[in-house]
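Structure at a glance
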Amino acid sequence: NLLAQHQSMFQKLHECYAEDGDLTYPGLLQFCTDFHLTPAIASGNFVKLVFESTATVEHRKAGHKSEAEEVSDKLSRSISMFPAAPPSRSPRGTSPSGSEAINSERG
């Protein structure tokens, strides 16, 4: 396989663009620019989208929640601190029900 055959070259490339062993978005963008992948083949925005998607997958594999999940959890905890409001009821006869309103319009 091609990757296994040239593994040492790919490792050296990774070392050139990675910071402390981790490839950051600026490093990936620089790689894509240096090898004329951006903007000829993929836009910088697309590269960022792919990078962030991959970072999210790696983050989740490590057992971490996404930022949206964290916000959702905090919101749920905050809401659960307040008691549920009782359902509002209108006094009988002040507002016609749906079928009564339709029937009154028909004449």
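Going by the structure above, here's the rest.
Now for a quick tour of the structure. (Residues numbered from 1 in each chain as written. Predicted model: local features only at pLDDT ≥ 70, side-chain atom pairs only at ≥ 80, totals over all residues. Heavy atoms only, no water.)

Time to look at the overall build of the chain. Scanning the chain for helices and strands turns up six helices and zero strands. Order of helices (α) and strands (β) in the chain, N terminus to C terminus: α-α-α-α-α-α. Going through the 107 residues of the chain one by one, you find that 8% of them count as buried. Across the chain, every contact between residues at least 6 apart in sequence was considered, and the portion connecting residues at least 24 apart equals 10%. As displayed, the chain offers around 9,400 Å² of accessible surface, 58% of which is attributable to carbon and sulfur atoms. (Helix = DSSP H or I, 4+ residues; strand = E, 2+ residues; numbered from the N terminus. Buried < 20%, exposed > 50% of the residue type's maximum accessible area, 1.4 Å probe, protein only. Contact = heavy atoms within 4.5 Å. Areas by Shrake-Rupley, 256 points an atom, 1.4 Å probe, with all protein chains shown as cover.)

Look at the link from Thr38 to Pro39: it is a cis peptide, with omega at 0°. With respect to the secondary-structure elements, Pro39 resides in the loop between α3 (25-34) and α4 (44-61). For Asp20, which is not a glycine, the phi torsion comes out positive at approximately 55°. Taking relative accessible area as the criterion, Asp20 reaches 82% and is therefore assigned exposed.

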